[in-house]
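Chain residues, written in single-letter form:
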Amino acid sequence: MKRYLVLAMRRPTFDASVVAPHKAFLDTLRDRDLLECTGGFTDGSGGAYVLRNIDSLAEAQDLVALDPLVLQDASEPTVREWTLR
């Protein structure tokens, strides 16, 4: 099964009001069985999540583009195909 690691690094202009909509977005992904795990970095610089049941990198990128963190330009996303070992 393909997985995609999404790194979301906070921009200097990060606004904490985006956190609740971002968490709701992640809940939606979890409900659709597209989210494997998620978490924030302990230094507060951002976080990561792992997508599953996605067919391609392009599909993963399209999905991440809908994340409120991205829509509100609060974080810089990086999406990579990832192998869990």
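Residues numbered from 1 in each chain as written. Predicted model: local features only at pLDDT ≥ 70, side-chain atom pairs only at ≥ 80, totals over all residues. Heavy atoms only, no water.

Enquirer: Any chance you could explain the overall build of the chain here in plain terms?
Expert: The helix and strand tally for the chain stands at three helices and four strands. Listing every helix and strand of the chain by position from the N terminus yields β-α-β-β-α-α-β. Over its C-alpha atoms the chain spans a radius of gyration of 12 Å, differing by no more than 12% from the 12 Å that the globule rule assigns to 85 residues. Expressed as lengths along the three principal axes of its C-alpha atoms, the size of the chain is roughly 35 × 25 × 20 Å. Within the chain, the proportion of its 85 residues that are buried is 32%. Relative to all contacts within the chain whose residues are 6 or more apart in sequence, the contacts with residues 24 or more apart total 67%. On the chain, roughly 5200 Å² of surface is accessible, and the fraction owed to carbon and sulfur atoms is 52%. Once the 10 positive and 13 negative side-chain charges of the chain are each reduced to a mean point, those two points are 5 Å apart. (Helix = DSSP H or I, 4+ residues; strand = E, 2+ residues; numbered from the N terminus. Rg over C-alpha atoms; globule rule 2.2 N^0.38 Å. Buried < 20%, exposed > 50% of the residue type's maximum accessible area, 1.4 Å probe, protein only. Contact = heavy atoms within 4.5 Å. Areas by Shrake-Rupley, 256 points an atom, 1.4 Å probe, with all protein chains shown as cover. Lys, Arg positive; Asp, Glu negative; His and termini not counted. Charge placed at Lys NZ, Arg CZ, Asp CG, Glu CD.)

Enquirer: I'm lost on the nonpolar core in this one. Help?
Expert: In summary, soluble globular proteins display a tendency toward joint burial of nonpolar side chains. Core analysis: the biggest nonpolar cluster contains 14 residues, and Leu29, Tyr49, Leu51 and Ile54 have the highest contact counts within it. Those elements that provide at least two residues to this core are β1 (3-10), α1 (19-31), β3 (46-52) and α2 (57-64). (Core = buried A, V, L, I, M, F, W, Y, C linked by side-chain atoms within 4.5 Å.)

Enquirer: Please explain the sheet that holds β3 as it appears in this structure.
Expert: If you walk across this open sheet you meet the four strands as β2-β3-β1-β4, and the pairing is antiparallel. Looking at which strands have only one partner, the edges of the open sheet turn out to be β2 (35-40) and β4 (75-82). Each strand of the sheet is rotated relative to its neighbour by a mean of 15°, with strand direction disregarded. Packed on one face of the sheet, α2 meets β1, β3 and β4 and runs near 155° to β4. (Pairing = 2+ DSSP bridges. Axes fitted to C-alpha atoms, helices over the stretch in contact; angles between N-to-C directions.)

Enquirer: I keep staring at α2 and nothing clicks. Help me out?
Expert: Count 3.6 residues to each turn of an α-helix, and residues three or four apart come out pointing the same way. For α2, every residue scored as buried is listed here: Ala60, Leu63 and Val64. Projection of α2 onto a plane perpendicular to its axis shows the buried side chains occupying an angular sector of 100°, all on one side. Considering only its buried residues, α2 is in contact with β1, α1, β3, α3 (68-71) and β4. (Arc of directions from axis to C-beta.)

Enquirer: Would you explain the packing of aromatic side chains in this entry?
Expert: In this structure the tally under the stated criterion is zero aromatic pairs. A cation over a ring is seen here: Arg10 above Phe14, with NZ or CZ 3.9 Å from the ring centre. (Phe/Tyr/Trp six-rings, centres within 6.5 Å; stacked < 30°, edge-to-face > 60°. Lys NZ or Arg CZ within 6 Å of the ring centre and 35° of its normal.)

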